[in-house]
There are 4 protein chains.
Amino acid sequence: MRHQQHPDIWQQLQTHLGEWVIQSKAQAPKGHVATYIPELANASEDSLSICVMDGSGATVTAGETDCLFTLQSISKVFTLMLALIDHGEAVVFSKVGMEPTGDDFNSMLKLELVEPGIPFNPLINAGAIAISSLIGGDTPEKQIERALAFFRDIADNPSLAINQAVFKSESDTAHRNRSLAYFLKDNGVLDGEVDDILRVYFSHCSIEVSCKDLARMALVLAYDGVDPIRNKRLIPRRYVQIAKTFMITCGMYNASGEFAMNVGLPAKSGVSGGILTIVPGRYGIGVVGPALNRKGNSTAGVHLLETLSREFDWSLF
Amino acid sequence: MRHQQHPDIWQQLQTHLGEWVIQSKAQAPKGHVATYIPELANASEDSLSICVMDGSGATVTAGETDCLFTLQSISKVFTLMLALIDHGEAVVFSKVGMEPTGDDFNSMLKLELVEPGIPFNPLINAGAIAISSLIGGDTPEKQIERALAFFRDIADNPSLAINQAVFKSESDTAHRNRSLAYFLKDNGVLDGEVDDILRVYFSHCSIEVSCKDLARMALVLAYDGVDPIRNKRLIPRRYVQIAKTFMITCGMYNASGEFAMNVGLPAKSGVSGGILTIVPGRYGIGVVGPALNRKGNSTAGVHLLETLSREFDWSLF
Amino acid sequence: MRHQQHPDIWQQLQTHLGEWVIQSKAQAPKGHVATYIPELANASEDSLSICVMDGSGATVTAGETDCLFTLQSISKVFTLMLALIDHGEAVVFSKVGMEPTGDDFNSMLKLELVEPGIPFNPLINAGAIAISSLIGGDTPEKQIERALAFFRDIADNPSLAINQAVFKSESDTAHRNRSLAYFLKDNGVLDGEVDDILRVYFSHCSIEVSCKDLARMALVLAYDGVDPIRNKRLIPRRYVQIAKTFMITCGMYNASGEFAMNVGLPAKSGVSGGILTIVPGRYGIGVVGPALNRKGNSTAGVHLLETLSREFDWSLF
Amino acid sequence: MRHQQHPDIWQQLQTHLGEWVIQSKAQAPKGHVATYIPELANASEDSLSICVMDGSGATVTAGETDCLFTLQSISKVFTLMLALIDHGEAVVFSKVGMEPTGDDFNSMLKLELVEPGIPFNPLINAGAIAISSLIGGDTPEKQIERALAFFRDIADNPSLAINQAVFKSESDTAHRNRSLAYFLKDNGVLDGEVDDILRVYFSHCSIEVSCKDLARMALVLAYDGVDPIRNKRLIPRRYVQIAKTFMITCGMYNASGEFAMNVGLPAKSGVSGGILTIVPGRYGIGVVGPALNRKGNSTAGVHLLETLSREFDWSLF
């Protein structure tokens, strides 16, 4: 089978992953745990964990891979695919564009400056909020349910749940996201009520996973939408292709270009310090290291992925 | 008395104002009634009225000067002075700056781009929302009451009231203002709840006045805060000076510079087509012509004021 | 005569100006001498001089009012009037707008973002460069000659000259101005060669004056274009009105609004620390204090003018 | 050999390429030949040519693949690699960043707004000008020689030459590029003289190639820097990897994201209508169709590459 054709890599991972994690952990003090969502500020600043999963479900891990953290922006990759499933490409790309922005993830500049005032892509906050409005369901509650069911299916973990404390923390402090959403509403991008849409948005951002869950979810992307373990298609291949493309061009905030150059794998980071990445056709990878660099990515996590990509020549380019 | 020392002007106004209004009305078709607040779209597109009031309360008028319209942005000049009365200069200018922006009245660019992210001045929407939050009163209701009482006192008209249909219309459609307010909240400019502050803001924007009321209110500014009719100080002179300065530099949206060059009087326009202006030490003037030019000012109203200023050499410069 | 009707002010100036200068000098250490033009960096950081001249040519002075400095941006007010004399309002305002920008004096943002890509006003660098191209003369040399003759006439000082060391210093280091000029050229705002136009621009910026010259030049503006000493009209009144309006709305860079509020007089500052201001119908005032605040205006000079305006209630507002 | 392992694709290309080109040509009328460089305006608006070359040098072609056109922005990919060869990654990435911008290719916004004011990437104009300054050589002439020699080597065509008419046309009209260059100079990004650097820049933009040359050059990138025909390494693999990454994230101007999603191959377009793209490890592809879409890419060329990628499932994602 395809996922068993690199025994050397697997063996080296088993031998060296622990030491690589220790080396990368040394980068953590250069970063800082996000504090803008109060609940996140409790994360352990110097930790770093990783889980690499192959197509059979076998894993190599280092660190505390069962600790839970919230998906945050990582969820945007999956809600994008869910919106595509629910509405198709034409509708989705009438609400969000396909281009990286070069601006901050929560920037509103291009909404004001660039016609027609739709978010440049679905992975910046404005775009992800627009995408949340497109998740199927008559009510926000049904949309949240649908999203949660989708995440549970991808992760093959029916116990995935929303961390209500984080959800509340985000809702209470998310003035900038509210500002973004009302701007979108004014530009005609959002149809429903802002509060409802943001409830959906904060809910999927607050889904709690372990590092292992992250690797499991990544695995489905690595196999183009088919879960190789259950041998079951979960997402149409084209939608995974779209998601992977965005992960390359916009997945790591304003350091996506740098990450593409130094790692070269589709990835998505979150403010909780998580990074989901894939080695196409081979591995799903989940990483979490809460200390973030200036661009909002896990300082230690990025370092670790750079090491792995270099060691195993994993770049797509 | 000071306000009776220009008999020639008064006589000429009585003789010519009607014909000047007719000439300026010809400009109305170049403009369009604002439609972004649905209730405003009902205004008569080709009308133009003016009331010039001297310090004795005598008036020269043309057009239907008793028709009512809402103050809209004109109210911002008075709420600024009220906030100064309630909190003083130090507090007010910690929340808003003193500079014209060159951007649109509802722009958010400088909130994102220019430290410390406070509105550049109190007459753009962002600034006026910040100012609304500073009107004295424990609750939004008390703030609204206080504002209304202030406007009634300035206009010497206890029957001034909020047009509830316009208020509702503005509240329901003001996504951009909501976006602005949440951005300000995120930047730490607003202390209270956004919904409460916007209720105050929409309320004073929706106060209904006649052209004559406008001239009466302007008169108090023309006499530096003293009502010359009741011979009573209503506003500290320094705060009127501050207001008049902003009226010159930012009173006519992004055409303030042009208006200063061609009229040269402190003025404030509103999206309902009203313009309040003063001849310092002499006249209060109210104008209303609902058809707006590209910059948001009454097309015919600006033309009329250019005529008057040129005829009587009224420019301060 | 008009300029002799305020004997109290004159007497108070004679009595107190020296002490007010000493008080304002205490502000100088909060500022810094401009270094971006190397020649300017040699100015004495803690000096402050002022010359107030009335319509008879009588002066009250404090500090070393004969020391020479270059006009820099102060020259822009006069080249604007010269361009108006040479081409009229229609041509001039097809090349520059009438509005304050809120952006830095050397910003290029609005050239890229706001149609039709002409400078917002003639007092920011982009606008002043466009204005330099409109000074009459077949060659840059003739344009420079014409400008110099105009400045000499206004200052009633045939020995005004260009400081060649400053001129060279500016030419050699003005990459940003070159960038601005080529952007303007690309936008169709400039007709001639960029190098020629910048030679004219740097030349009039490098004209050297004393504080007394500055007061003498201001006097002509204070009397609406007539030199009250020679009793001779030098500039059409309308063009002085235009200049004075811009001095109020844009004369002090991005602190024009603040200056209008705290001083309330038409003024123009330069990076050499000079400020030209007027009390309309009465005085021409020249100030120089090389230490600049963050906004590019003389720290001590602004403080001194605030004191004078407050003491004598000079604000136009 | 690696490049002979897809006989089906090759056969289908031979059978269908002609008809696909005819289909894509139908898109040409939706675009327009660039006119901002006068010499380019002479191109045939409705033409479309393509050359696909495999690792043995065998080709499948359609259209007039020997017609010459200038490289324009396509040259930027190769000068980037040359600058990397001459200075290494550390120096190069101290002068340009690694991120897509979302702004126009000639935008100056981020140079003014985002610290430290270096171009966001080497493929926008500002970045490519900075890169031109880093090509080895004591004089502009030597730099141009060195660049030309490099291009000739990559294309394995010693007769590649600079089209002097295009070079002159670009030099004479490139006010915006001059503006960019002086801004960079002011920001400390450029060391040499602007005129010299632009001479180098316009020279490599004006190198003339055929569609076949383009495919030949692409082939070297498809084989990670080794020319598979001469079996000779021409560029270090890491530098090709860097170039390919930028081609994915920024190669198609502000439609790079869309191209990545619909084609998924590293590519670079030029305003002459050329597109260089690769199928990694297999083919070098040159396309030229002068009619450009709104984003500056060949309308028909993009359509053709979308067809090929879809037919053969060539996307990297």
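Keep in mind that what you see is a predicted model, and the values were worked out from it rather than measured. (Residues numbered from 1 in each chain as written. Chains lettered and ligands numbered in written order. Predicted model: local features only at pLDDT ≥ 70, side-chain atom pairs only at ≥ 80, totals over all residues. Heavy atoms only, no water.)

Okay, the side chain of A:Arg216 next. Residues and elements named next belong to chain A. For Arg-216, the location among the structural elements is in helix H9 (residues 211-222). Overall, Arg-216 belongs to the buried group, its relative accessible area being 7%. Other than its neighbours up to four places away in sequence, Arg-216 contacts Met-53, Ile-154, Ala-155, Asp-156, Asp-227, Ile-229 and Arg-230. (Helix = DSSP H or I, 4+ residues; strand = E, 2+ residues; numbered from the N terminus. Buried < 20%, exposed > 50% of the residue type's maximum accessible area, 1.4 Å probe, protein only. Contact = heavy atoms within 4.5 Å.)

Let us look at the interface of chain A and chain D. Contact with chain A, which involves 31 residues of that partner, is made by 31 residues of chain D. Interface area, chain A with chain D, both sides summed: about 2,600 Å², of which 60% is carbon and sulfur. Its largest share of buried area at the contact with chain D, chain A owes to A:Glu99, A:Met261 and A:Phe317, together 30% of the area lost on that side. In this assembly, chain A and chain D are joined by four salt bridges. Among the ionic pairs, D:Lys110 bridges to A:Asp103, the shortest N-O distance being 3.0 Å. (Buried area = accessible area lost by both parts, 1.4 Å probe. Salt bridge = Lys/Arg side-chain N within 4 Å of Asp/Glu carboxyl O.)

A separate point is the pattern of salt bridges. Residues and elements named next belong to chain A. As enumerated under the stated definition, the model contains 76 salt bridges over all chains in all. The partner of Lys-95 in a salt bridge is Asp-191, and the shortest N-O contact between them spans 3.9 Å. Separated by 96 residues along the polypeptide, Lys-95 in helix H2 (residues 75-95) and Asp-191 in the loop between helix H7 (175-186) and helix H8 (194-205) bring together distant segments of the chain. In this structure Lys-95 comes out as buried when scored by relative accessible area, which is 14%. The partner of Arg-216 in a salt bridge is Asp-156, with the nearest N and O atoms 3.2 Å apart. With Arg-216 in helix H9 and Asp-156 in the loop between helix H5 (140-155) and strand E5 (161-162), this pair connects stretches of sequence that are 60 residues apart. Residues participating in the shared-partner salt-bridge network are Asp-153, Asp-156, Arg-216, Asp-227, Arg-230 and Lys-232.

Before going further, it helps to examine the interface of chain D and chain C. Counting from both sides, the interface comprises 14 residues of chain D and, opposite them, 14 residues of chain C. Carbon and sulfur atoms supply 63% of the area that chain D and chain C bury against each other, a total of about 1,500 Å² over both sides. Looking at the side of chain D facing chain C, the largest losses of area belong to D:Glu112, D:His175 and D:Tyr182, adding up to 37% of the total buried there. Put simply, chain D and chain C have four salt bridges between them. For the salt bridge of C:Arg176 with D:Glu112, the shortest nitrogen-to-oxygen distance reads 3.7 Å. At the level of secondary structure, the elements contributing two or more residues to the side of chain D that touches chain C comprise helix H3 (109-113) and helix H7 (175-186) of chain D. Here the side of chain D that touches chain C gets eight residues from one element, more than from any other, and that element is H7(D). Tallied by class, residues from the side of chain D that touches chain C come to five nonpolar, four polar and five charged. (Nonpolar A, V, L, I, M, F, W, Y, C, P; charged D, E, K, R; others polar.)

Residue and element names in this part refer to chain A. In this structure's numbering, the residues bearing the UniProt feature "binding site: substrate" (unreviewed entry) are Ser-73, Asn-125, Glu-170, Asn-177, Tyr-201, Tyr-253 and Val-271. If you trace the backbone, Glu-170 turns up in helix H6 (residues 164-173). With relative accessibility at 4%, the residue Glu-170 sits in the buried group. Overall, Val-271 belongs to the buried group, its relative accessible area being 11%. (UniProt positions renumbered as here; feature names shortened; annotations may be inferred.)

Moving on, we come to the packing of aromatic side chains. All names here are of chain A. This model, assessed by the stated rule, comprises 38 aromatic pairs over all chains. Aromatic pair Trp-10 and Tyr-283: ring centres 5.6 Å apart, planes at 25°, arrangement stacked. Note that Trp-10 is positioned in helix H1 (residues 7-25) and Tyr-283 in strand E11 (residues 283-288), a separation of 273 residues in sequence. The exposure class of Trp-10 is buried, given its relative accessible area of 15%. Residue Tyr-283 is classed as buried on the basis of its relative accessible area, which comes to 1%. For the cation-ring pair, Lys-268 lies above Tyr-253, with the distance from its terminal atom to the ring centre recorded as 4.3 Å. (Phe/Tyr/Trp six-rings, centres within 6.5 Å; stacked < 30°, edge-to-face > 60°. Lys NZ or Arg CZ within 6 Å of the ring centre and 35° of its normal.)

Attention now moves to the relation of the copies chain D and chain C. The second copy of the chain is related to the first by a rotation about an axis and a shift along the axis. Once turned by 180° and shifted 0.0 Å along the axis, chain D lies on chain C with an RMSD of 0.0 Å. What the superposition gives is, in effect, a two-fold axis relating one chain to the other. Rotation axis and chain D: the residue whose C-alpha lies nearest the axis is D:Ser179, separated from it by 2.0 Å. (Least-squares fit on C-alpha atoms with pLDDT ≥ 70 in both.)

The subject of this paragraph is the domain arrangement of chain A. Many descriptions give the size of an interface as the accessible area lost when the pieces come together. Residues and elements named next belong to chain A. In terms of domains, chain A is made up of domain 1 (2-69 + 209-312) and domain 2 (73-205). Using C-alpha coordinates to define each centre, domain 1 is positioned 22 Å away from domain 2. Each partner contributes to the interface: domain 1 provides 34 residues, whereas domain 2 provides 35 residues. The contact between domain 1 and domain 2 buries some 2,800 Å² in all, and 72% of this surface belongs to carbon and sulfur atoms. At the junction of domain 1 with domain 2, the criterion picks out five salt bridges. Summed over the shared surface of domain 1 and domain 2, the result is eight residue pairs in polar contact (both at pLDDT 80 or more). Of all the elements in the fold, those that place two or more residues in the side of domain 1 that touches domain 2 are H9, helix H10 (237-250), strand E9 (267-269) and strand E10 (274-279). Here the side of domain 1 that touches domain 2 takes nine residues from H10, the largest share from any one element. Within the side of domain 1 that touches domain 2, the residues separate by chemical class into 21 nonpolar, six polar and seven charged. (Domains from an automatic or database assignment. Polar contact = N/O pair within 3.5 Å; in protein donor to acceptor, adjacent residues only side chain to side chain.)

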